[in-house]
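An overview of the molecular structure
Given next are the chains, with one letter for each unit.
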Amino acid sequence: MNTDNRPFHAAEIEVPGGVYLCQVSERVSCGACCGLYNRVDVSRETLYALLEARTRRFGRVQRTAEAIEAFRQREESLESAPGPYPDFYRCPFLGLVGNDRSRVGCLLHPLSDGNKGIDFRGLSFYGGLACRGYFCPSHRSLDANRKQIVKAVCAHWHLYGLVIPDIELINVVFSEIERRLERAVEVKEILENTAAGVAMRALFGFKERWPFRPIGWKGPGNYFFNDAAYPALPVDYERSGAAPSEYNAFFQALGSEFTSRSALDAAEAMAASAFSRVTRCIQR
């Protein structure tokens, strides 16, 4: 059964910025606005297990308002502890969709398995209109070229959903690459250059596995709404006895703390190597 959510979302309302970011391909989609990453443990393995089990449970639910409401209550009781962002709702109807359940999507969507074309999104917390009409700030704020490149290189829903709402990180990454190239990066340079795509994916991959996180940090999921309730924390360089790094904006976007000069040196070496690899691949 076709469970591609895109037609019902992208076709109903004009997409701000002209580049659709929610359901990209069979393996790439974003569940960030549904609170997917508002958890303490957001590793790929943990989130896949959570979504896979939830999808199986929802598959046994009768498609009635009463049964769906009971499912919502049960799912929310399984995760009663608040996430790092207490005001960021975690929708219990986010699951796995696609022909092989290969990406995240809405279990209430009319094209999802078992719904027989009926739109149940009106039974969700925000209601059907919000689910159909909300577009994250990345749609409006990011350059179209940069959006297309992120869609191309982040080839799995987990990394893509962490990266695409993070406007600050995306702009910092491209600004540094373009500073080194002394020009803008074109989409075709990445699409037609496998090595460059792999190198850029590894650079964005720091979002999943950056080893210099501060204690008590709320990420790697980010609060991307416009109320600025959770601003990014500045990097404290006094602890390492060093001046602010040339990669300060990158480190701040990732969430960083350096307790020694050697830790800062290691982080700078990692950043320099990753950015150099991308630019070398593009220049070839």
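Here the structure is shown first, and the text comes after it.
Residues take numbers from 1 onward in each chain, read along the sequence in its written order. With the structure being a predicted model, the display of local features is reserved for residues of pLDDT at least 70 and the display and counting of side-chain atom pairs for 80 or more, all residues being used for whole-chain, interface and lining totals. Side-chain numbers here rest on the full set of heavy atoms in the structure, without hydrogens or water.

With respect to the nonpolar core
We apply this condition: Here, nonpolar core means buried Ala, Val, Leu, Ile, Met, Phe, Trp, Tyr and Cys residues that are tied together by side-chain atoms lying within 4.5 Å of each other. Accessibility here uses a 1.4 Å probe with only protein chains present; expressed as a share of the type maximum, an area under 20% marks a residue as buried, one over 50% as exposed, and anything in between as partly exposed. A run of DSSP states H or I qualifies as a helix once it reaches four residues; a run of E qualifies as a strand once it reaches two. Both are numbered from the N-terminal end. Contacts: residue pairs with any heavy atoms within 4.5 Å of one another.
Grouped together as the largest cluster of nonpolar side chains are 66 residues, with contacts concentrated most on Ile177, Phe204, Phe250 and Phe251. No other element matches helix H13 (residues 261–283), which puts nine residues into this core. Sequence-distant contacts of Ile177, that is, excluding residues within four places in its chain, are made with Val185, Met200, Leu203, Phe275, Val278, Thr279 and Ile282. Ala67, Phe71, Tyr89 and Phe120 belong to the second-largest nonpolar core, a separate cluster that totals eleven residues.

Structural notes on helix H3 (residues 65–78)
For clarity, the threshold we go by: Helix span, as expected, comes to 1.5 Å for every residue beyond the first. The reported arc concerns the directions from the helix axis to the C-beta atoms and nothing else.
With 14 residues, H3 should cover 20 Å at 1.5 Å per step; its first-to-last C-alpha distance of 20 Å lies within 8% of that length. Listed as buried for H3 are Ala67, Ile68, Phe71, Arg72 and Glu75. Buried residues in H3, looked at end-on, bunch into an arc of 145 degrees, giving them a common side. Exposed and facing more than 90 degrees away from the buried side of H3 are Glu66 and Ser77. Against helix H2 (44–59) lie the buried residues of H3.

What about the environment of Trp217?
If you trace the backbone, Trp217 turns up in the loop between helix H11 (206–209) and helix H12 (248–254). Taking the C-alpha atoms as reference points, Trp217 and Ala271, 54 residues apart in sequence, are found 20 Å from one another. Setting aside residues up to four positions removed in sequence, Trp217 forms contacts with Leu254 and Gly255.

Focus: the packing of helix H8 (residues 167–181) against H13
The criterion, for reference: Simply put, an axis is a line fit to the C-alpha atoms, just over the touching stretch for a helix, and the angle between two N-to-C directions goes from 0 to 180 degrees. Should an angle fall under 35 degrees it is taken as roughly parallel, and over 145 as roughly antiparallel, whereas 65 to 115 is taken as roughly perpendicular and any remaining angle as oblique. Here a crossing is called left-handed whenever its near helix is offset anticlockwise from the far helix by less than a right angle, and right-handed whenever the offset is clockwise.
Close contact between H8 and H13 brings their axes to 10 Å; oriented N to C, the two are set at 55 degrees. By the angle between their directions, the pair H8 and H13 is classed as oblique. The hand of the H8/H13 crossing is right-handed. Across the interface between the two elements, Val173, Glu176, Ile177, Arg180 and Leu181 of H8 pack against Ala272, Phe275, Ser276, Val278, Thr279, Ile282 and Gln283 of H13.

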